[in-house]
Every structure is written in structure tokens, then in C-alpha cells.
Amino acid sequence: MLRSVILAASRSSQVERLVATAPYTRDVVRRFVAGAATDDALRATRGLVDDGLAVTLDHLGEDTVRPEQATATRDEYLKLLKMLGDAGLTPAAEVSVKLSALGQMFDEQLAYDNARAICAAADAAGTTVTLDMEDHTTTDSTLEVLSRLRKDFPSTGAVLQAYLRRTESDCRELSSAGSRVRLCKGAYKEPESVAYQSAREVDKSYVRCMNILMSGDGYPMLATHDPRIISIGEDRARWFDRGPERFEFQMLYGIRPEEQARLAGEGYTVRTYVPYGDEWYGYLMRRLAERPANLVFFGRALISKK
Ligand SMILES: Cc1cc2nc3c(=O)[nH]c(=O)nc-3n(C[C@H](O)[C@H](O)[C@H](O)COP(=O)(O)OP(=O)(O)OC[C@H]3O[C@@H](n4cnc5c(N)ncnc54)[C@H](O)[C@@H]3O)c2cc1C
């Protein structure tokens, strides 16, 4: 219930104004977002890489409605990739891209062209791209763009969401050799017709999907903070004899950093998803929807008189 309310608020410009102007919002944002500028993203990446973690960088922004916004997003990624390459931070750092920020909502071909330019820049910088997955109305389009991109850039990564009923079948489709697939639970509000609604059903689906990916020929990227699922992931890695070059764990910036360090210390590949940029609202609201404890922290900020 609370999750649904927060996810609904993530689409409200009135709530966005309220949240953006609240006194302590900046402190809350700083916990989950590396900063506004490309230099902030680079600084955070350097720190994480020095600590033995891999990184995927997300320039915040989604649901773009104008071509010039989509072009600006593309250009930011091109600049970021050049800077990462010049700084020697590739291939440890790759980028995560939302097609909706590249024009998918109004012109799928434009989103493809923009994503292709980003894949080419990543390739030139010695790294790769993962296409984030958004709400279920975009899944077919995103997988279609992915398959076109993979013709020239086969290491382009996909994201599959365990809460969708279709995902076991998508995992089978995408578990072929060389296929990089990030498996996450899913962060959007989805109807019962397409998505499991209870945490238990989603967790069970996650494990079934993980089994398909870990026993397949691709490169699974297990994106979760869930201790039970991480432990099952460690178990499957032993079971299917997958060393650190054959799968990875992924977690979000600012969430369970000690667990990220622990897994890296045990020799696993661990990648931190690092968002940066001004348009943090939708991202922040999804993080709040996931965890009531974060909401308490944020509520204090909102009502503060200071
Ligand atoms: C790298 C990465 C990329 C992602 N990309 C996408 C994407 O493209 N599309 C998409 O829809 N979603 C994406 N997500 C979000 C994902 O779908 C989930 O919404 C999010 O990860 C929360 O699910 P969870 O698996 O961590 O488990 P949850 O069910 O949220 O939490 C399970 C347990 O994990 C522990 N935990 C969780 N958060 C914390 C915390 N802050 N502190 C301490 N313990 C905690 C708690 O024990 C909790 O009970 C991504 C997530 C990650 C990590």
C-alpha cells in the first residue's frame, strides 16, 4: 500500500516540487546520488574502483518528451565515457542507460540511434553499456532495441525484472553465450495481470530466474541487496562453478556498502550502480518505496523547520 502511494507520488509534479524544496532533501539525495556534475560521478567512481569495486554509471533522467532533451542526454554519456576512458577507469566502469531518456516514449528509432552512439563511444573507451529496464509497457521495445544493438555491440547488457510473469521465459531467451543480463526484482508499480504482487512471489520468481541464468551460458549480473538472495547466489556460483569472471553481484550506491565490501573481499566481482545528475526525483522515490526505513529518514527531512 505504502509502496503504491510513493510510486504514484513519483509521477506527481506537485509532490516533486514539495520534495525538491524541503530543507533536508539535499542530505537525503546525497546518500543515494553521487552529485550533479560529471566530475562528481568520476570522483565517486575513482573511490569505488580504488576500493576494489566495479561501477556502472547512470546519468539521471527519464521520460524525456523532447528530441533536444534526448540529444543532451546522449551527449552527456559521450562526454562521460570519454572522461572515464581518459582517466583509466574503463573497463572497471561501464554505463547504464534508460531508453526513455533517449526518446523511446515518442520515437523508438531516435532512442535506438542515441543508444547506438553511446554503445560506439563505450566501445571506443574500452567498456560497455547496460540498458536499464523501465515499466512493463516498454519491455518489448527495450528488448527489440537491445537485440538490434547487440548485432554490432554484442556485450550490451539487458535488465530483466523478476516481478514480471514473462521474465522466466525472457531469461531463457537471453541466457546464450556472451549475453550479459542484470536480474533485479523490479522497481515500478505494475498491475497484477503482468506482475507478481507479493514479496514472496517476487522472491521465488527471482530464484527461478537466477537458476536459469546461472545454469546458462551467459553472464548473469545479480542486482539485489537481499541477504537471502545473495546467499542463494553465492550457493549457485559454487554449484555451477562460476568464478568472479563469469558472473557478478550488483548493488546501488549508498545501499549496504559494507555488504558490497564484504563480497568484494571474498573475491566476487561486485558492481555499484552510481546515479548522478540533477534529475534525481523519480530515482529517489523508487528507493523510498523499497524501504520504509528510508522513508522515516526522509519524513524527518520534510517536516524539519530548520
Ligand atoms: C544495480 C541495480 C540496478 C537496478 N536496475 C533496475 C532496472 O533497470 N529496472 C528496475 O525496475 N529496477 C532496477 N533496480 C531496482 C530493483 O528492481 C529493486 O527495486 C531494488 O534493488 C530493491 O530490491 P532488492 O532486491 O534490493 O530487495 P528488497 O526486496 O528491496 O529488499 C530485500 C532485503 O534487502 C535488504 N535491504 C534492502 N535495502 C536495504 C538497505 N537500504 N539497507 C539495508 N538492507 C537493505 C533488507 O534485508 C531487505 O529486507 C536495480 C537494482 C540494482 C541493485
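Predicted model, so just to flag it, every value in this text is computed and none were measured.

(A) View of the overall build of the protein chain. Along its length, the protein chain carries 13 helices and eight strands. For a compact globule of 306 residues, the expected C-alpha radius of gyration is about 19 Å, and the protein chain comes in at 18 Å, within 12% of that figure. Once the C-alpha set of the protein chain is aligned to its principal axes, its extents read approximately 55 × 40 × 40 Å. Considering the protein chain as a whole, with its 306 residues, one finds that 55% of them fall into the buried category. Sequence separation of 24 or more characterises 74% of the internal contacts of the protein chain that already satisfy a separation of 6 or more. Accessible surface, the protein chain as shown: approximately 13,800 Å² in total, 53% of it carbon and sulfur.

(B) Layout of the packing of aromatic side chains. Applying the stated rule across the entire model yields five aromatic pairs. Between the aromatic rings of Phe247 and Tyr268, the centroid separation amounts to 6.0 Å while the plane-to-plane angle is 75 degrees, which identifies the pairing as edge-to-face. On the criterion of sequence distance, the pair formed by Phe247 in the loop between α10 (227-239) and β7 (248-252) and Tyr268 in the loop between α11 (257-265) and β8 (270-276) is long-range, its members being 21 residues apart. For Phe247, a relative accessible area of 1% corresponds to the buried category. Residue classification places Tyr268 among the buried positions, given a relative accessible area of 17%.

(C) Molecular detail of unusual backbone geometry. With an omega of 5 degrees, the peptide bond running from Thr90 to Pro91 counts as cis. Structurally, Pro91 is set in the loop between α5 (67-86) and β2 (93-97). Of note in the backbone geometry, Asp241 takes a positive phi value of approximately 55 degrees without being a glycine. Within the fold, Asp241 resides in the loop between α10 and β7. A relative accessible area of 64% places Asp241 in the exposed class. Although it is not a glycine, Arg256 adopts a positive phi angle of roughly 50 degrees. On the basis of relative accessibility, which here comes to 28%, the residue Arg256 falls in the partly exposed class.

(D) Quick look at the site of the ligand. Near the ligand you find 24 residues, and of these Met133, Gly186, Thr224, His225 and Glu290 are the closest. Coverage of the ligand by the protein amounts to 82% of the 950 Å² it exposes when considered alone. Secondary structure elements with two or more residues in the shell around the ligand: β4 (158-161), β5 (180-184), β7 and α12 (281-290). Take the shell around the ligand: its biggest share by element is three residues, from β7. Of the residues contributing to the shell around the ligand, the split by class is 11 nonpolar, five polar and eight charged.

(E) Inspection of α11 at higher detail. Glu259, Gln260 and Leu263 are the residues of α11 that are buried. The buried residues of α11 occupy one face: seen down the axis, they fall within an arc of 105 degrees. Among the exposed residues of α11, those pointing more than 90 degrees away from its buried face are Glu258 and Gly265. A positive phi of about 100 degrees marks Gly267, the residue just after α11.

(F) Looking closely at the environment of Met214. Its location among the elements puts Met214 in helix α9 (residues 199-215). Contact partners of Met214, with chain neighbours within four places excluded, come to Pro220, Leu222, Gly233, Arg236, Ala237, Phe240, Arg242 and Phe247.

(G) Representation of a nonpolar patch on the surface within the structure. Residues Val65, Met105 and Phe106 make up a contiguous nonpolar surface patch of roughly 300 Å² in combined accessible area. Among the structural elements, Phe106 can be located in the loop between β2 and α6 (108-124). Given the relative accessible area of 36%, Phe106 is considered partly exposed.

Conventions adopted
- Residues numbered from 1 in each chain as written.
- Predicted model: local features only at pLDDT ≥ 70, side-chain atom pairs only at ≥ 80, totals over all residues.
- Heavy atoms only, no water.
- Helix = DSSP H or I, 4+ residues; strand = E, 2+ residues; numbered from the N terminus.
- Rg over C-alpha atoms; globule rule 2.2 N^0.38 Å.
- Buried < 20%, exposed > 50% of the residue type's maximum accessible area, 1.4 Å probe, protein only.
- Contact = heavy atoms within 4.5 Å.
- Areas by Shrake-Rupley, 256 points an atom, 1.4 Å probe, with all protein chains shown as cover.
- Phe/Tyr/Trp six-rings, centres within 6.5 Å; stacked < 30°, edge-to-face > 60°.
- Near = heavy atom within 4 Å.
- Nonpolar A, V, L, I, M, F, W, Y, C, P; charged D, E, K, R; others polar.
- Arc of directions from axis to C-beta.
- Patch = residues over 30% accessible without salt bridge, like charges linked within 9 Å, V, L, I, M, F, W, Y side chains within 5 Å.
- Salt bridge = Lys/Arg side-chain N within 4 Å of Asp/Glu carboxyl O.

Read these as layout, nothing more, since geometry by itself doesn't imply function.
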